Amino acid sequence: MLLLLLLQVSASCLWLAGSEVVTSFESSCPQFFFRETPPNEALQPENPAWICQHYKNQYYFATLYDRNRRIPVYSAYLYQPGPGRRPKTWLVEPQLMSPTYPKTMERERTLLNYFSVSLEQLSKSQAILKDYKNLTGLNRGHLNPSSHHPDSSSRTATFTLTNIVPQNEKLNGGAWNNYEQQTMTRRTQGCNTTYVVVGAVPGNNYIAKGRVNKPSYIWSSACCEVDTNHRKAWAVIAENDKNEVQLLTLGELEDVLTQLYGRDQVSVFHRDCPRE
């Protein structure tokens, strides 16, 4: 018993990253949304999980996760790019299995080796590393990209599989990367604070023997505060089988998403963010 206790204490000391499955973003991590207002329920999946992603006791972004399709619906963050290395370690979310687990994101092997969690148990609640092995024409596409964050801790926090979708390989390394690295840099000039919501529209195809949905579209939107009286917004969308990105107004993106989801009118940002 003493040895088991020491192992558990030792493993808990390794848990430097954290994520919390919450009941709402408004009550737990609203700071990642313009006017503290998340997208409306028109994007909400049948079996959602609201995750406040944090690392070393600090929140870094928010993710609405689709438990059934095992992909994020969207991730929301503040655009604060900085120099630094790309992390290599991929993490998963213990709290998606049950709220009795710690509020952490952690490596699969730590859960398996120290906390009596089986891979089967973990895989029922979310995507795992095995799901993304041996892909053809696809790779692990970040919604919230690590390069849009200023330091090692914030970039590491983006390397959770709840922030990843199966993305067309050419798109991820081509037109989408150009948008993330070049268009965002140009568009955010003069912005004091830029709020970003980036998402994935579920598709009809799956990887990993039907476990993980391959999105039909990837989209991103931004609301920039120039000063207290002036704001600007923009958006893009891309089909997930072509190396092309279409630049839109925020209003145009919301209309396209409304058609793709076939529900109520989609609202990504608070009404004070310009739609034209």
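These numbers come from a predicted model, not from an experiment. (Residues numbered from 1 in each chain as written. Predicted model: local features only at pLDDT ≥ 70, side-chain atom pairs only at ≥ 80, totals over all residues. Heavy atoms only, no water.)

Looking at the pattern of salt bridges
Line of reasoning, step 1. What the rule picks out here adds up to six salt bridges.
Line of reasoning, step 2. Through salt bridges with shared partners, one network takes in Arg35, Glu225 and Asp272. (Salt bridge = Lys/Arg side-chain N within 4 Å of Asp/Glu carboxyl O.)

Quick look at the pairing of strand β11 (residues 231-239)
Line of reasoning, step 1. Strand direction decides the pairing type here: strand β10 (residues 217-225) and β11, joined by nine bridges, are antiparallel. Among the inter-strand pairings, Tyr217 is bridged to a residue of β11, identified as Glu239.
Line of reasoning, step 2. Relative to strand β12 (residues 246-248), β11 is paired through three bridges, and the arrangement is antiparallel. Bridge assignment links Ala235 to a residue of β12, and that residue is Leu248. (Pairing = 2+ DSSP bridges. Helix = DSSP H or I, 4+ residues; strand = E, 2+ residues; numbered from the N terminus.)

Section: the environment of Gln95
Line of reasoning, step 1. Summarising the element assignment, Gln95 is placed in the loop between β4 (71-78) and α3 (108-114).
Line of reasoning, step 2. By relative accessible area, Gln95 is classed as buried at 6%.
Line of reasoning, step 3. Along the sequence, Gln95 and Thr160 sit 65 residues apart, while their C-alpha atoms lie 13 Å from each other. (Buried < 20%, exposed > 50% of the residue type's maximum accessible area, 1.4 Å probe, protein only.)

Re helix α8 (residues 250-261)
Line of reasoning, step 1. End to end, α8 covers 16 Å across 12 residues, agreeing with the expected 16 Å (1.5 Å per residue, within 8%).
Line of reasoning, step 2. For α8, every residue scored as buried is listed here: Leu250, Gly251, Leu253, Glu254, Leu257, Thr258 and Tyr261. The buried residues of α8 all sit within an arc of 160° when viewed along its axis, so they share a single face.
Line of reasoning, step 3. Where α8 is buried, its residues touch β4, β7 (193-201), β10, β11 and β12.
Line of reasoning, step 4. One or two residues past the end of α8 sits Gly262, with phi positive at roughly 65°. (Expected span 1.5 Å × (residues − 1). Arc of directions from axis to C-beta. Contact = heavy atoms within 4.5 Å.)

Describing helix α7 (residues 175-187)
Line of reasoning, step 1. Along α7, the sharpest kink reaches roughly 25°, centred on Gln181.
Line of reasoning, step 2. Taken residue by residue, α7 has Ala175, Trp176, Tyr179, Glu180, Thr183 and Met184 as its buried positions.
Line of reasoning, step 3. Tucked into the core, α7 has its buried residues touching β5 (138-142), β6 (164-168), α6 (169-173), β7, β10 and β11. (Bend = angle between axes of the 7 residues up to and from the residue.)

Examining unusual backbone geometry
Line of reasoning, step 1. Non-glycine residue Arg70 carries a positive phi angle of around 60°.
Line of reasoning, step 2. As for its position among the elements, Arg70 is in the loop between β3 (58-66) and β4.
Line of reasoning, step 3. On the basis of relative accessible area, Arg70 is assigned to the buried category, the value being 14%.
Line of reasoning, step 4. The phi angle at Ser116 is positive, at roughly 55°, despite the residue not being glycine.
Line of reasoning, step 5. Mapped onto the secondary structure, Ser116 falls in the loop between α3 and α4 (119-125).
Line of reasoning, step 6. Ser116 gets classed as exposed once you look at its relative accessible area, which sits at 69%.

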